[in-house]
Amino acid sequence: MRQSFLRTATAVALLSIAWAERGGFAQDSNAPSAIRAQPLEPETSVPVDGVPESFSKKEDLLAYADLLYSKQQYPLAARQYQLFLQQHPNSPNAQVGWFRLGECYLEVGQQADAATTFKHVIDTYKQGIFVGSAAYRLAVMKYNAKDFAAAALYFDIATAYLSSPDAALQAQFYLARCQQLADEPDQAATIYQKVLDAKAPDPATAAQWENPFRERSLLELARLQYDVGNAREAFAKFEELATSAGNAEYREEAYARAGLLASELGELETSNDYLAKALEFEGENQWKSLATVGLIFNYFSAGEYEKVIGMYSSQAFNAPDDTRPKMLLIVGHSYRLTDNLKSAIEIYELVEQNYRERPEGSEAGYRRLQCLNQMGDAGFPIHVTNYVDRQREIDPGSEFIDLALLMRAEWNFAKAQSAAANGERKEAGNLYAEAAVDYAAVRGDKIPEKYLEPRLYKLGWSQSESGDASGAIITLGEFDRAFPSSELMPSALAKRAETYQSLQDFTAALEDFRALATKYPDATEAEFSLQQIARIHGHRREIDQMISAYRELLEKYPDSSASAEASYWIGVGLFEQEKYEEAIPELETARKKDPENYGNMASLRLVLSHYQAEHLDELAKEAGAYLDKAAKDEKMAPIPPKVLGYLGRRLFDRQDYQLADRFLAASTTPGDPTATSSEIWDLLGQARMKLKDYAGAVEPLKNFLTMTQRPSLRAQALLELGRAYLQIKQYDKALESARESLSSLKEGRTNAEARVLVGDIAMAQGDPATAGREYTVMSQIFVDPELTPLALTKAIKAFRQAGDEEQATKLEAQLKSQYPEYKP
């Protein structure tokens, strides 16, 4: 970039110089027209050996013509020269006459006649001092006519035949200029070097002699070296000129151009020194402006953006028209790179408004968008639309159109990710959709190669997230083919597999996830792929494959964020395979690793696993803890009533009535008693009777009775219900239940116990006489080693309490006789 910029800037500055010189010698202080004809010898008639004196006198016409010529009476002189040449065509002085005739034509403006005459001298006489002078005059005429090739031919002749060393040196210099202007740089450089190497004509005065064309030749030679791309040689010559030239203009140009070339050669320190010296010259000119631009560019290249800004702000200069927009861009970049975005925008707008049709205007508009993007301007997307529409009218093929669209795509992509992270799924989807439109509109051949890969990747991602699953699969497939070695490939495969999942194409999804896990085992997405492989197998109820995938995940990534999930679903899979003993530790691990997400689910599965494995104690522990937590969280799934009922029964059988009561109660449906089995109601009632929770036993026993018609079962339940009512002192209901029990079963132990209950109720109501009779009846009609003596004991107590000592004594004797070892 440095070389391109500096060459552009310098070329623009030199353009005016080159065209001025091509326009003629009037612009050149060393113009060849300053050389006059060779002076005549004092004698206008040149005697020649062997020519008679009388013959020379006949040439008085020549002397007269020379006199007229010296008086600047050129038309009269020309006529006399013509007469002389007509009368004496073979005169030894004919060459002089022809040359002077050409001079007269030249003085009166008869350019064509002069050129013809000078050419006649050259062609006829071939050599001599007047041949050199004629060649010089003709060369000047061709030079001014911009026929540089012809001028070079005659300057070459002049160089050879001019007798004055200074004149010959000037001819040689302009011979080099002609070659230069005729685009023959190699020949020009060779001749300039000869001019530079010229020696003093007189060795005796060599110390005082100065080559008048040295500085100019060195300057042109430096320019030539620059033009042909030989920056190092050009720099050396400009450097020499800068330190040795007596001409201030040459020195100023040399310092400026040496500084610019040093920058091009990467020698920024040297460049800055020379450019700074160029700025020290007085006045304002193009070289000072170029030096300022060069310093600005140097500071920018070195990352010294503050110096760029300082130079721009403090210097008054007029950069060339073709350089100014580039320089302003650099200033804008410097403001942008120092985070002075508002000032950067002002500079970019200046360039864009004044150079809209130029590449710099296009870039300035794009850089302004960059600043707005960096500032987070809410109107950024609209600014992009306006810029793109305007730029398409100016230059539809501009790369900045695509870069602007790419920038807006990135803007929307970032906004979409932020919205997704905040749970704003709808907003994220809309933003991804907008990003996808811009990514798709970007022309791949218009953006730097480094952007092609992420652009295609993000296009596929945006399509997937915005609901264009089919488009995402096509795009990500294209990415796979275009960038198979990309670092983004694992992520692209993961996203495509996810997209396949959304389309329920699990086979294709598995293929991508497996490829990811196999080809990129060290990628961060490899862990995700194994997780998704396991999930897909789980979804398809492929239990063995699911367990295998989760185990591979745990083996490769023991600290995986999905480790709790893996353990849980391994446990679930083993449970489904009825491997309950193996399932339990996996479920316990899942609960321990992630109690928040898997605590409840794993606990429930543990309850079920212990149930299936008939681990009664572990089941009771897990179920109890689960019920405690569920009491505080209505969202927790219930333990199946079947499991709780089973647990309650087993605990009841173990006579652990307290726990039995808890789990049996948890398995019931009080709001819909018929949804619970009669057995559970019965056991719950019995458990509570055992626990002396008589009030709590009433409802389960009543529910049992509504669901049971079998007399023996009803009789027993009514008996227990009566006992419960008795304990809570609801005597009427107790007596009713007892009598119903008696009527349900006319004989047997339950009937006998019901009669005892009737007696107990009477006693509780303060009627010992009635109670005694009920006890006595029971003792006489039912013989049982435990129940009969109990009834006799109760009857004895009741009769004594009623004051019937006789009956009490009688029954007491019966008790001792029949059950001598009975101890109440």
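Basis of the calculations
Residues numbered from 1 in each chain as written. Predicted model: local features only at pLDDT ≥ 70, side-chain atom pairs only at ≥ 80, totals over all residues. Heavy atoms only, no water. Core = buried A, V, L, I, M, F, W, Y, C linked by side-chain atoms within 4.5 Å. Buried < 20%, exposed > 50% of the residue type's maximum accessible area, 1.4 Å probe, protein only. Helix = DSSP H or I, 4+ residues; strand = E, 2+ residues; numbered from the N terminus. Lys, Arg positive; Asp, Glu negative; His and termini not counted. Salt bridge = Lys/Arg side-chain N within 4 Å of Asp/Glu carboxyl O. Axes fitted to C-alpha atoms, helices over the stretch in contact; angles between N-to-C directions. Parallel < 35°, antiparallel > 145°, perpendicular 65-115°, else oblique. Left-handed = near helix turned anticlockwise from the far one by under 90°. Contact = heavy atoms within 4.5 Å. Nonpolar A, V, L, I, M, F, W, Y, C, P; charged D, E, K, R; others polar. Phe/Tyr/Trp six-rings, centres within 6.5 Å; stacked < 30°, edge-to-face > 60°. Lys NZ or Arg CZ within 6 Å of the ring centre and 35° of its normal. pLDDT = per-residue confidence, 0-100. Polar contact = N/O pair within 3.5 Å; in protein donor to acceptor, adjacent residues only side chain to side chain.

**So, the nonpolar core**
Counting 221 residues, the largest nonpolar core has Phe155 and Ile639 as the members making the most contacts within it. Of all hydrophobic cores here, the second largest spans 18 residues; its members include Leu787, Ala808, Leu811 and Tyr819.

**Section: the side chain of Arg455**
Position of Arg455 relative to the elements: it lies in helix α23 (residues 449-465). Buried and unpaired, Arg455 has no salt bridge, with Glu478 as the nearest side chain of opposite charge at 5.7 Å.

**Section: the packing of helix α30 (residues 580-593) against helix α31 (residues 595-613)**
As a packed pair, α30 and α31 sit with axes 8 Å apart at the nearest point and diverge in direction by 160°. With respect to α31, the element α30 is oriented roughly antiparallel. α31 is crossed by α30, and the crossing has left-handed handedness. Between α30 and α31, the residues in contact are Tyr580, Glu581, Ala583, Ile584, Leu587, Glu588, Ala590, Arg591, Lys592 and Lys593 and Pro595, Tyr598, Gly599, Ala602, Ser603, Arg605, Leu606, Ser609, His610, Gln612 and Ala613, respectively. When its residues are assigned to classes, the contact of α30 with α31 shows 10 nonpolar, 5 polar and 6 charged.

**Describing the packing of aromatic side chains**
Scanning the entire structure with this criterion turns up 28 aromatic pairs. Centre to centre, the rings of Phe173 and Tyr174 are 4.9 Å apart; their planes meet at 90°, and the pair counts as edge-to-face. Residue Phe173 shares its accessibility class with Tyr174, and that shared class is buried. Among the aromatic residues, ring-to-ring pairing joins Tyr136, Tyr143, Phe148, Phe155, Phe173, Tyr174, Tyr192 and Phe213 into one connected group. A cation sits over an aromatic face here: Arg100 above Tyr69, 4.9 Å from the ring centre. The ring of Trp411 carries Lys415 above its face, with NZ or CZ at 4.9 Å from the centroid.

**With respect to the confidence of the model for the chain**
When pLDDT is averaged along the chain, the result is 88; 92% of the residues meet or exceed 70. Note on residues 8-57: pLDDT under 50 across the span, and 90 contacts to partners over four residues away in sequence or across chains.

**A closer look at the environment of Gln225**
For Gln225, the location among the structural elements is in helix α11 (residues 214-227). In this structure the C-alpha to C-alpha distance between Gln225 and Ala189, which are 36 residues apart in sequence, comes to 8.1 Å. Excluding residues within four positions of it along the chain, Gln225 makes contact with Asn230, Glu233, Ala234 and Lys237.

**A word on the pattern of salt bridges**
Tallying each qualifying case throughout the model produces 41 salt bridges. Between Glu220 and Arg177 there is a salt bridge whose closest N-O contact spans 3.5 Å. With Glu220 in helix α11 and Arg177 in helix α9 (residues 165-181), the pair connects residues that are 43 residues apart, well separated along the chain. Take Glu220 and Arg177: they sit in the same class, and that class is buried. For Glu352, the salt bridge identified is with Arg368, shortest N-O distance 3.3 Å. In this pair, Glu352 sits in helix α18 (residues 341-354) while Arg368 sits in helix α19 (residues 359-375), placing the two residues 16 residues apart along the sequence. Sharing partners across several salt bridges, the network here consists of Arg177, Arg216, Glu220, Arg223, Glu253 and Arg257.

**Looking at the side chain of His615**
Note that His615 resides in the loop between α31 and α32 (616-630). In contact with His615, not counting residues within four places along its chain, are Glu581, Ile584 and His610.

**Looking at the environment of Glu542**
Structurally, Glu542 can be placed in the loop between α27 (524-539) and α28 (543-556). Between the alpha carbons of Glu542 and Gly573 there is a distance of 9.2 Å; along the sequence they are 31 residues apart. Reaching out from Glu542, the side chain makes a polar contact with the side chain of His537 at a distance of 2.5 Å.

**Considering unusual backbone geometry**
A negative phi angle characterises most non-glycine residues, just as the trans form characterises most peptide bonds. A positive phi angle is found at Lys126, which is not glycine, with a value near 70°. Secondary-structure assignment places Lys126 in the loop between α6 (111-125) and α7 (129-144). Judged by relative accessible area, which is 55%, Lys126 ranks as exposed. Backbone geometry places Arg541, a non-glycine residue, at a positive phi of 55°. With respect to the helices and strands, Arg541 occurs in the loop between α27 and α28. Owing to a relative accessible area of 57%, Arg541 belongs among the exposed residues under this scheme.

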